[in-house]
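# Working through the structure, step by step
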Amino acid sequence: MPVRRAWGAALAVLMLLAGCRTVPVARPPSVPWPVPWPLHRAQLQERNHFELRGRVAVAAGDQGFNARLRWVQDGARSQVALAGPLGAGGLEVTADGGTLEVVTASGTRMQSDAARTELASRLGFDPPIASLRYWILGVPDPAAPAAETLDEAQQRLRSLEQDGWHIDYPGYVAVGGEWLPARLTLQRADVRVRLLVDGWQS
């Protein structure tokens, strides 16, 4: 009887060990499993609500500046606040695809063509705000053709070419179980924009 019990106990241990080998090892919650790129891209392109805080460095021709950035996306409305030199001070920009409004640090409010002229004058270039709301999420603007270079292992963008702009994504951060850009660089002709993300809310 003792021998039979010993064999039974050994068999139970072997079965338990064999079962354990079939259980997948869970990743830490801060490191998401790669989602297939077509699905991940579609999910991010449909995202209409998020907030980003960070820092931006712009070099445009012989102009250049550093500023703090806050971007709030609320549906189709993009609200962008830049705090820094920018000539006389910061700017607040609101765009919804059909209208553009700029408010200067002194409280001057401009819309449409006047707003675009003021924004280009302060920044040194005409920013593609309609596309930027997608690029900062790490996806192309669905409204225009794009050339993508992927990190195949993680199923996310390494770089993007769209509307004459080249965007590099050298760093990502895990946010709520998915990868979002932590750093990106945008270039076109003599314009170079570097964005360092300090925090995401989505």
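First, a word on scope: everything that follows refers to the structure included in this document.

Rules used throughout
Residues numbered from 1 in each chain as written. Predicted model: local features only at pLDDT ≥ 70, side-chain atom pairs only at ≥ 80, totals over all residues. Heavy atoms only, no water. Helix = DSSP H or I, 4+ residues; strand = E, 2+ residues; numbered from the N terminus. Buried < 20%, exposed > 50% of the residue type's maximum accessible area, 1.4 Å probe, protein only. Pairing = 2+ DSSP bridges. Axes fitted to C-alpha atoms, helices over the stretch in contact; angles between N-to-C directions. Salt bridge = Lys/Arg side-chain N within 4 Å of Asp/Glu carboxyl O. Contact = heavy atoms within 4.5 Å. Expected span 1.5 Å × (residues − 1). Arc of directions from axis to C-beta.

One non-glycine residue, Gln 155, adopts positive backbone phi at about 55 degrees. Along the chain, the position of Gln 155 falls in the loop between strand S7 (147-151) and strand S8 (156-162). On the basis of relative accessibility, which here comes to 17%, the residue Gln 155 falls in the buried class. Unlike most non-glycine residues, Ala 189 shows phi in positive territory, near 50 degrees.

Spatial ordering of the open sheet is given by S6-S5-S4-S3-S2-S1-S11-S10-S9-S8-S7, a layout of 11 strands whose pairing is antiparallel. One side of each edge strand has no neighbouring strand; the edge strands of this open sheet are strand S6 (109-111) and S7. Geometrically, the sheet is characterised by an average inter-axis angle of 20 degrees between neighbouring strands, direction not taken into account. Pairing of strand S1 (residues 49-60) with strand S11 (residues 191-201), which is carried by 10 bridges, proceeds in the antiparallel orientation.

Moving on, we come to the pattern of salt bridges. Overall, the coordinates contain 10 salt bridges when judged by the stated rule. Among the ionic pairs, Arg 55 bridges to Asp 198, the shortest N-O distance being 2.7 Å. Placement of the pair is Arg 55 in strand S1 and Asp 198 in strand S11, with a sequence separation of 143 residues. Take Asp 198: its relative accessible area is 47%, and that puts it in the partly exposed class.

So, about the environment of Gln 45. Checked against the element boundaries, Gln 45 lands in helix H2 (residues 37-45). For Gln 45, a relative accessible area of 18% puts it in the buried group. Separated by 90 residues in the primary sequence, Gln 45 and Trp 135 have C-alpha atoms spaced 9.5 Å apart. Setting aside residues up to four positions removed in sequence, Gln 45 forms contacts with Tyr 134, Val 139, Pro 140, Asp 141 and Pro 142.

Between its first and last C-alpha, helix H3 (residues 112-123) extends 17 Å over 12 residues, near the 16 Å set by a 1.5 Å rise per residue. For H3, the set of buried residues is Ala 115, Glu 118, Leu 119, Arg 122 and Leu 123. The arc enclosing the buried residues of H3, seen along the axis, measures out at 115 degrees, which places them on a common side. Of the exposed residues in H3, the ones pointing more than 90 degrees away from its buried face are Asp 113 and Thr 117. Downstream of H3 by one or two residues, Gly 124 has phi in the positive range, about 95 degrees.

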